[in-house]
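Descriptive structure summary
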Amino acid sequence: MPVTHVGKIRLKKQTKSLDRRLLYLVLTLTSLGLIAVADASAPSALNVFGDKFYFVKQQAVWGGLGIVLMFLFSRLNPSFWEKIATPLFFFSILLLVLVLIPGVGTKFLGARRWLILGAVSVQPSEIVKLTLAIYLAKVAAKGKSSLAFFFPLAATAALVMMQPDLGTTLIILAMGLAQIFVAGVTILHFFAFSVTGALIGFLFAVTSEYRRNRLLTFLAQSQDPLGRDYHIRQVLLALGSGGIFGVGLGQGRQKFLFLPEAATDSVFAIIAEEVGFIGALALIAVFAFFIFTSLKVASRAADKFSQILGIGIVVWIGGQAILNIGSMVALVPLTGVPLPFFSYGGSALTMILMACGILLSISRYTSHEKN
């Protein structure tokens, strides 16, 4: 319905259909991701479970669930999420607390990040990315004070860091700060929080042995190819082996238990080895087009809540892709952040597809202003 302001009329209009370019991009990335998981995980799955398709079958189930939810969410009015933002956010905070409790949260490789619910494992830090984005968008829409932004963001980042998970913490901070900046908070408050977060992140990096080793490896490789430098050296071997056109799909060697986390954090290295520089560049281009299309959807959102929520989702998915690929080509230290759509992980894939469903619902509404 028209809402009259001084000197202008704002018309809120529902479009006939969702943004098909964004939909096709999401479906393409999801399909390519399943192929990548099937390829990169086969040796490990065969070695551990005796079934080379074990991981991709799990990923396909989560992907199918995520696509169903994506289409469901694309039919909902974005205002629905504003109404339930607060209980959703505090429920996800409760999950983050539960995962830290011994005997409740599951500890694996020194990190306590999973809740086991029967035959299903859930990663609360993946859930909170979406719920935090929704909550901060609601705070922005209500025009609340700077503390109303910074306190939930700081609390969420602190709980994720306690798992510990520096990579996810960085993504959450980047997403939250982007939303806060777009919301128009006082620049002094924004700058103070950003600097404080950066200093705390640096302290966490240098006070933890494994994070400090990753930072030192990034700054100067040591003469320890089987120890501290092993992971990044295997990544660079994969990239170098791929050359311009790659060794061929399915023909990569680093996935045969040489490269750690081949199907999760390091899946881009396996892709680059098999399709080469040209194929890897094409994949980066697809991600860039996804980011551009998603930003265009957010910029045309019908209201402030939808716009800032859209920005949060774009920075979350796009920032995670940039951080993962950047670490694989040694532009930034290894962070353990998965590549969206491509890395194995049911919680991550499902939440990303749900977020894309919300982006698609935002694309169904546009804002037109007439002076």
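A quick note: this is a predicted structure, and the numbers were derived from the prediction, not measured.

1. Re the packing of aromatic side chains
Tallied over the entire structure, the rule returns 11 aromatic pairs. Between Phe-55 and Tyr-344, the ring centres sit 5.0 Å apart and the planes meet at 70°, which makes this aromatic pair edge-to-face. A residue pair is termed long-range when its members are at least 10 positions apart, and Phe-55 in helix H2 (residues 54-74) and Tyr-344 in the loop between helix H12 (304-328) and helix H13 (346-363) qualify at 289 residues. On the basis of relative accessible area, Tyr-344 is assigned to the partly exposed category, the value being 25%. Members of the aromatic cluster, each reached through a chain of ring pairs, are Phe-49, Tyr-54, Phe-55 and Tyr-344.

2. Regarding the sheet that holds strand S3 (residues 105-108)
Taken in spatial order, the three strands make up an open sheet running S3-S4-S5, and their pairing is antiparallel. Looking at strand neighbours, the two that pair on one side only are S3 and strand S5 (120-122), the edges of this open sheet. Ignoring which end each strand starts from, the neighbouring axes of this sheet average 45° apart. Sheet contacts for helix H4 (residues 85-99): S3 and strand S4 (111-117); angle to S4, the most-contacted strand, approximately 110°.

3. Observations concerning the confidence of the model for the protein chain
Confidence in the prediction of the protein chain, expressed as mean pLDDT, is 85, and 87% of residues score 70 or more. Confidence over residues 1-11 falls short of pLDDT 50; this stretch has 20 contacts with residues more than four positions distant or in other chains.

4. Points about the packing of H2 against H13
Contact pair H2 / H13: the axes reach a minimum separation of 7 Å and the direction vectors enclose 20°. Judged by the angle between their axes, H2 and H13 are roughly parallel. For H2 against H13, the interelement crossing comes out right-handed. Along its contact with H2, which presents Gln-59, Trp-62, Gly-63, Leu-65, Gly-66, Ile-67, Leu-69, Met-70, Phe-73 and Ser-74, the element H13 presents Gly-346, Leu-349, Thr-350, Leu-353, Met-354, Cys-356, Gly-357, Ile-358, Leu-360 and Ser-361.

5. Re the nonpolar core
Note on soluble globular proteins: their nonpolar side chains tend to be buried together. Counting residues in hydrophobic clusters, the biggest one holds 93 residues, and the most contacted among them are Leu-130, Phe-149, Phe-290, Trp-316, Phe-341, Phe-342 and Ile-358. Of all the elements, helix H11 (residues 267-299) adds the most residues to this core, at 12 residues. Phe-342 has contacts with Leu-29, Leu-32, Gly-33, Ala-36, Val-37, Ala-263, Val-267, Ile-271, Leu-283 and Phe-287, leaving out every residue within four places of it along the chain.

6. Some words on the packing of helix H1 (residues 20-49) against H2
Interhelical geometry of H1 versus H2 gives an angle of 160° and a closest axis separation of 6 Å. In terms of their interaxial angle, H1 and H2 are classed as roughly antiparallel. In this structure, the crossing between H1 and H2 has a hand that is right-handed. Of H2, the residues touching H1 (which contributes Leu-23, Val-26, Leu-27, Thr-30, Leu-34, Val-37, Ala-38, Ser-41, Ser-44, Ala-45 and Phe-49) are Tyr-54, Phe-55, Val-56, Gln-59, Ala-60, Ile-67, Met-70 and Phe-71.

7. Section: the pattern of salt bridges
Evaluation of the coordinates by the stated rule reveals five salt bridges. In this structure, Lys-57 engages Asp-51 in a salt bridge whose closest nitrogen and oxygen atoms are separated by 2.7 Å. By relative accessible area, which is 46% here, Lys-57 ends up partly exposed.

8. A short note on H12
Residues spaced three or four apart along an α-helix point in a common direction, a consequence of the helix completing one turn every 3.6 residues. Here H12 spans 36 Å end to end across 25 residues, near enough to the 36 Å set by a 1.5 Å rise per residue. The buried fraction of H12 amounts to 20 of the 25 residues, a majority that puts the element mostly inside the structure. For H12, the N-terminal capping position is held by Asp-303, with its side-chain oxygen 3.2 Å away from the main-chain nitrogen of Phe-305. Phi turns positive one or two residues past the end of H12, at Ala-330, with a value near 65°.

About the criteria used
- Residues numbered from 1 in each chain as written.
- Predicted model: local features only at pLDDT ≥ 70, side-chain atom pairs only at ≥ 80, totals over all residues.
- Heavy atoms only, no water.
- Phe/Tyr/Trp six-rings, centres within 6.5 Å; stacked < 30°, edge-to-face > 60°.
- Helix = DSSP H or I, 4+ residues; strand = E, 2+ residues; numbered from the N terminus.
- Buried < 20%, exposed > 50% of the residue type's maximum accessible area, 1.4 Å probe, protein only.
- Pairing = 2+ DSSP bridges.
- Axes fitted to C-alpha atoms, helices over the stretch in contact; angles between N-to-C directions.
- Contact = heavy atoms within 4.5 Å.
- pLDDT = per-residue confidence, 0-100.
- Parallel < 35°, antiparallel > 145°, perpendicular 65-115°, else oblique.
- Left-handed = near helix turned anticlockwise from the far one by under 90°.
- Core = buried A, V, L, I, M, F, W, Y, C linked by side-chain atoms within 4.5 Å.
- Salt bridge = Lys/Arg side-chain N within 4 Å of Asp/Glu carboxyl O.
- Expected span 1.5 Å × (residues − 1).
- Polar contact = N/O pair within 3.5 Å; in protein donor to acceptor, adjacent residues only side chain to side chain.

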